[in-house]
Amino acid sequence: MYLPALGQALWPACPLSKITRVGKTTLIQKVTQALKSSGIPIDGFYTEEVREGGRRTGFDVVTLSGKRGPLSRVSSDSSTSRREYRVGQYVVDLVSFEQLVLPMLRNVNHGSNAEKKICVIDEIGKMELFSQAFIQAVRQTLTGSETVVLGTIPIPKGKPLDLVEEIRSRKDVKVFNVSKENRNSILQDILAAVESCRK
């Protein structure tokens with residue numbers, strides 16, 4: 001089951017989506033803390049900006065178990081002679097991303113627990129979707145009956161992302177659109193959606 005998506009859209013399958021700088025990751029962290037403090041089993045990851053001298057230089061992946069690694073960094077080299085995965089000025093570190101995220105997703109998918117677990121996936125965007133293994137793992141997680149996914153997906157703009165549109169169109173996904181105006185008031189609605197999905 002998938003949960004909300006945030007961001008530009010927040011979804012629990014029973015999924016979340018993201019707009020840059022709208023406070024989506026902060027909202028995910030608040031939801032995660034509230035669920036943890038209730039004793040609900042939860043795992044997953046979120047993305048966090050890396051800044052140097054007031055300038056954004058990339059993004060890190062941070063797992064809920066405390067591991068951290070690079071997702072992307074600004075590249076001053078515009079040549080693409082070697083195999084690189086790029087989104088704008090950022091070069092995606094696919095190896096680092098997969099090493100952090102894939103074992104966690106496999107663990108969520110293969111755990112056995114009487115209670116439904118929560119899996120946080122912040123986010124499913126262009127950078128993450130360079131990984132075919134990640135796409136497969138997300139699909140497996142969404143089809144698992146013992147996991148509720150709380151994820152973030154981007155608001156559609158430009159060329160549609162296949163997995164994002166697949167998630168958005170699922171009948172078991174509830175999408176919350178997150179904005180600067182509603183990001184503080186929507187917390188309880190998301191928590192209620194997660195609880196409903198766990199029943």
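Calculation criteria
- Along each chain, numbering runs from 1 in the same order as the chain's sequence is written.
- The predicted origin of the model limits local features to residues at a pLDDT of at least 70 and limits the giving and counting of side-chain atom pairs to 80 or more, whereas totals for whole chains, interfaces and linings rest on all residues.
- Each side-chain value is worked out from all heavy atoms of the structure, with water and hydrogens disregarded.
- Here a helix means four or more residues in a row that DSSP labels H or I, a strand means two or more in a row labelled E, and each is numbered from the N terminus.
- Accessibility here uses a 1.4 Å probe with only protein chains present; expressed as a share of the type maximum, an area under 20% marks a residue as buried, one over 50% as exposed, and anything in between as partly exposed.
- Surface accessibility in these figures is a Shrake-Rupley result with a 1.4 Å probe; residues are shielded only by whichever protein chains are displayed.
- Counted as a polar contact is a pair of N or O atoms within 3.5 Å, where, for protein atoms, one must be capable of donating a hydrogen and the other of accepting one, and residues adjacent in sequence contribute only when both atoms are in side chains.
- Contact definition: two residues touch when any of their heavy atoms are within 4.5 Å.
- Whether two strands pair comes down to DSSP finding at least two bridges between them.
- Here is the rule: rings of Phe, Tyr and Trp (six-membered ring for Trp) pair when centre to centre is within 6.5 Å. Planes less than 30 degrees apart are stacked, more than 60 are edge-to-face, and the remainder are tilted.
- What is meant by a nonpolar core is a set of buried Ala, Val, Leu, Ile, Met, Phe, Trp, Tyr and Cys residues, joined one to another through side-chain atoms within 4.5 Å.
- For helices, the axis comes from a line fit to the C-alpha atoms of the stretch in contact; other axes are also lines fit to C-alpha atoms, and the angle between any two N-to-C directions lies between 0 and 180 degrees.
- For classification purposes, an angle smaller than 35 degrees is called roughly parallel, one larger than 145 roughly antiparallel, one from 65 to 115 roughly perpendicular, and anything else oblique.
- Two helices that cross are described as forming a left-handed crossing if the nearer one is turned anticlockwise from the farther one by less than a right angle, and a right-handed crossing if clockwise.
- Charged means Asp, Glu, Lys or Arg here, nonpolar means Ala, Val, Leu, Ile, Met, Phe, Trp, Tyr, Cys or Pro, and polar covers whatever is left, Gly included.
- Salt bridges, as used here, are contacts in which a Lys or Arg side-chain nitrogen is within 4 Å of a carboxyl oxygen on Asp or Glu.
- In this scheme, a helix's expected span is set at 1.5 Å multiplied by one less than its residue total.
- The directions from the helix axis to the C-beta atoms are what the arc is built from.

Per an unreviewed UniProt entry, the recorded name for the protein is Nucleoside-triphosphatase, cancer-related, and the organism is Bubo bubo.

(A) Summary view of the overall build of the protein. Secondary structure assignment for the protein yields five helices and ten strands. Counting only residues that meet the buried cut, the protein has 51% of its 199 residues in that class. If you sum the accessible surface of the protein, you get close to 9,600 Å²; carbon and sulfur atoms cover 48% of it.

(B) Quick look at the side chain of Thr32. When you line up the elements, Thr32 lands in helix H1 (residues 24–37). Separated by 2.8 Å, the side chain of Thr32 and the backbone oxygen of Ile28 make a polar contact. Setting aside anything within four residues of it in sequence, one finds Thr32 in contact with Ile42, Leu64 and Val120.

(C) Seen up close, the side chain of Ser72. Considering the arrangement of structural elements, one finds Ser72 in strand E5 (residues 68–74). In contact with Ser72, other than residues within four places in its own chain, are Thr57, Gly58, Phe59, Tyr90, Val91, Val92, Asp93 and Met127.

(D) Here's a closer look at the pairing of strand E9 (residues 147–153). Across the seven residues of E9, seven count as buried, placing the element largely inside the fold. Of the two faces of E9, both are covered, the one formed by Thr147, Val149, Gly151 and Ile153 as well as the one formed by Val148, Leu150 and Thr152. Of the pairings in the sheet, the one linking strand E8 (residues 117–121) to E9 comprises five bridges and is parallel in character. Across the sheet, the residue bridging to Val120 is Leu150, located in E9.

(E) View of the packing of aromatic side chains. Throughout the structure, instances matching the rule amount to five aromatic pairs. Between Phe45 and Phe134, the ring centres sit 6.3 Å apart and the planes meet at 70°, which makes this aromatic pair edge-to-face. Here Phe45, found in strand E3 (residues 42–52), pairs with Phe134, found in helix H3 (residues 132–143); they are 89 residues apart in sequence, far enough to count as distant. Relative accessible area serves as the criterion here: at 0%, Phe45 is assigned to the buried category. Among the aromatic side chains, those forming a connected cluster through ring pairs are Phe45, Phe97 and Phe134.

(F) Molecular detail of the nonpolar core. Among the nonpolar cores identified, the biggest contains 30 residues, and Phe45, Val101, Leu105, Ile121, Ile124, Phe134 and Val138 are the most heavily contacted of them. Leu35, Ile118, Val148 and Cys197 belong to the second largest nonpolar core, which has 23 residues in total.

(G) How the structure looks around the packing of H1 against helix H5 (residues 187–198). Where H1 meets H5, the axes come as close as 10 Å, and the angle between the chain directions of the two elements is 50°. With respect to H5, the element H1 is oriented oblique. Between H1 and H5 lies a crossing whose hand is right-handed. For the pair H1 and H5, the contacting residues are Leu27, Lys30, Val31, Ala34 and Leu35 in the first and Leu187, Ile190, Leu191 and Val194 in the second. By residue class, the composition of the contact of H1 with H5 is eight nonpolar, no polar and one charged.

(H) Structural detail: the pattern of salt bridges. In this structure the tally under the stated criterion is eleven salt bridges. Taking the shortest distance from any N to any O, the salt bridge between Glu49 and Arg56 comes out at 2.9 Å. Under the relative-accessibility criterion, Arg56 is labelled partly exposed at 23%. The network of salt bridges with common partners includes Glu48, Asp60, Arg68 and Arg73.

(I) Structural detail: H5. The first and last C-alpha atoms of H5 sit 17 Å apart over twelve residues, in line with the 16 Å expected at 1.5 Å per residue. Residues of H5 that are buried: Leu187, Ile190, Leu191, Ala193, Val194, Cys197 and Arg198. For H5, the angular spread of the buried residues around the axis is 160°, confining them to a single face.

(J) Region of the structure containing the environment of Arg56. As for its position among the elements, Arg56 is in strand E4 (residues 55–63). It is 8.3 Å that separates the C-alpha atoms of Arg56 and Val74, two residues lying 18 residues apart in sequence. Engagement of the side chain of Arg56 in a polar contact is seen with the side chain of Glu49, the distance being 2.9 Å. A distance of 2.9 Å separates the side chain of Arg56 from the side chain of Tyr90, its partner in a polar contact.

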